Amino acid sequence: MDTFTIKYNPFNGAEVTLENEYITESKLTELLDLLRSQNKALVWVTIPIQHSHLIPILTELGFVFHLCNEQKLTLICRLQKGAYAPFAPTHTAGVGALVQRDNGDVLLVRERIMNGKGLKLPGGYIDLGENLLVASQREVLEETGITATFKDIVGLVTKFPHQYAKGNLFIVCRLNPITEEIHVRDTDEIEFACWINPEKFIADESSSRFHRHLVQQCLGKTGMSESDYEFDELPAGNKEMFLI
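Calculation criteria
- Residues numbered from 1 in each chain as written.
- Predicted model: local features only at pLDDT ≥ 70, side-chain atom pairs only at ≥ 80, totals over all residues.
- Heavy atoms only, no water.
- Salt bridge = Lys/Arg side-chain N within 4 Å of Asp/Glu carboxyl O.
- Buried < 20%, exposed > 50% of the residue type's maximum accessible area, 1.4 Å probe, protein only.
- Helix = DSSP H or I, 4+ residues; strand = E, 2+ residues; numbered from the N terminus.
- Core = buried A, V, L, I, M, F, W, Y, C linked by side-chain atoms within 4.5 Å.
- Contact = heavy atoms within 4.5 Å.
- Pairing = 2+ DSSP bridges.

Some words on the pattern of salt bridges
Link 1 in the chain: Taken as a whole and assessed by the stated rule, the structure comprises 9 salt bridges.
Link 2 in the chain: Measuring nitrogen to oxygen at the nearest pair gives 3.0 Å for the salt bridge that ties arginine 101 to aspartate 105. For the pair arginine 101 and aspartate 105, one class covers both residues: buried.
Link 3 in the chain: Residues aspartate 127 and arginine 138 are paired through a salt bridge, measuring 3.7 Å at the closest nitrogen-oxygen approach. One end of the pair, aspartate 127, is in the loop between strand E8 (123-125) and helix H3 (132-144); the other, arginine 138, is in helix H3, and 11 residues separate them in sequence.

Concerning the environment of asparagine 115
Link 1 in the chain: Inspection of the secondary structure assignment puts asparagine 115 in the loop between strand E7 (106-111) and E8.
Link 2 in the chain: Remark: the alpha-carbon pair of asparagine 115 and glutamate 180, spanning 65 residues in sequence, is separated by 26 Å.

What about unusual backbone geometry?
Link 1 in the chain: Between phenylalanine 160 and the following residue, proline 161, the backbone shows a cis peptide bond with an omega angle of 0°.
Link 2 in the chain: Residues leucine 234 and proline 235 are joined by a peptide bond in cis, for which omega reads -5°.
Link 3 in the chain: Along the chain, proline 235 falls in the loop between strand E12 (225-226) and strand E13 (242-243).
Link 4 in the chain: Positive phi is not limited to glycine here, since asparagine 115 has a value of about 55°.
Link 5 in the chain: For asparagine 115, a relative accessible area of 65% gives the class exposed.
Link 6 in the chain: Positive phi outside glycine occurs at tyrosine 164, with the angle close to 60°.
Link 7 in the chain: Following the sequence through the fold, tyrosine 164 ends up in the loop between strand E9 (148-159) and strand E10 (167-177).

What about the nonpolar core?
Link 1 in the chain: Membership of the largest hydrophobic core comes to 21 residues, with the highest contact counts inside it found for Leu18, Val43, Val45, Ile47 and Phe63.
Link 2 in the chain: When residues of this core are traced back to their parent elements, those giving at least two are strand E2 (13-18), helix H1 (25-37), strand E3 (42-48), helix H2 (55-60) and strand E5 (72-78).
Link 3 in the chain: Here this core takes 4 residues from H1, the largest share from any one element.
Link 4 in the chain: The contacts of leucine 18, once residues within four sequence positions are left out, are Thr3, Phe4, Ile23, Val45, Thr46, Ile47 and Leu54.
Link 5 in the chain: If you look at the next biggest cluster of nonpolar residues, it comprises 17 residues, including Leu107, Ala135, Ile153 and Phe242.

Let's talk about the pairing of strand E6 (residues 91-99)
Link 1 in the chain: Here 9 bridges tie E6 to E10, and the two strands are oriented parallel to one another. Each bridged residue has a counterpart across the sheet, and for histidine 91 the counterpart in E10 is glycine 167.
Link 2 in the chain: Two elements, E6 and E8, share 3 bridges in a ladder whose sense is antiparallel. Its bridge partner lying in E8, glycine 96 is registered against glycine 123.

Rendered as structure tokens:
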């Protein structure tokens, strides 16, 4: 069908790419009939934002929303009742950075949304395709100006519900500082950053009980470090493994 490119996958499904925006309901119906005749169970169609006018047509044909980002939306249609649709993300992933210098002080920040009260660990969301190791170092650099190197993973927290009715994985990484002079880069998000004695922070009730507990429990612990395991070349992408 010259209007579509169809890629079949191991889930007895078809991943459809639209070759142009001039697609009618009759063409889509013809596509679904073809896939039903092939006994396919599921259809994925991804719509770029510039073709969003096609969404009502697809939903009228039985498609429902599945995945989205700012530039595209993926819809699915189950051609067989109960067909399994894998990989609908249920969690976001974030990283917190525990950075401690030689005199024992830990690196903390205050975000502007904290309304002038308390401190917390530097950290934020892991970007799509970004390694955990890279994310932890990036967040520290952006929020404090400190260059630090990843050492190990010392904590893992799961929370539900989190933002937008998703779960959250929060991974606490320990980093060693290479520099110590603070210079906040992300001034839109971060009000200021500082080095502080951990016992003073743990006793500060104006700060998050969550972050105080993490600092108290993770200092001095041995965590999971990066493994030198060599992943298969395919599929291509960023991969990492951490082991005790």
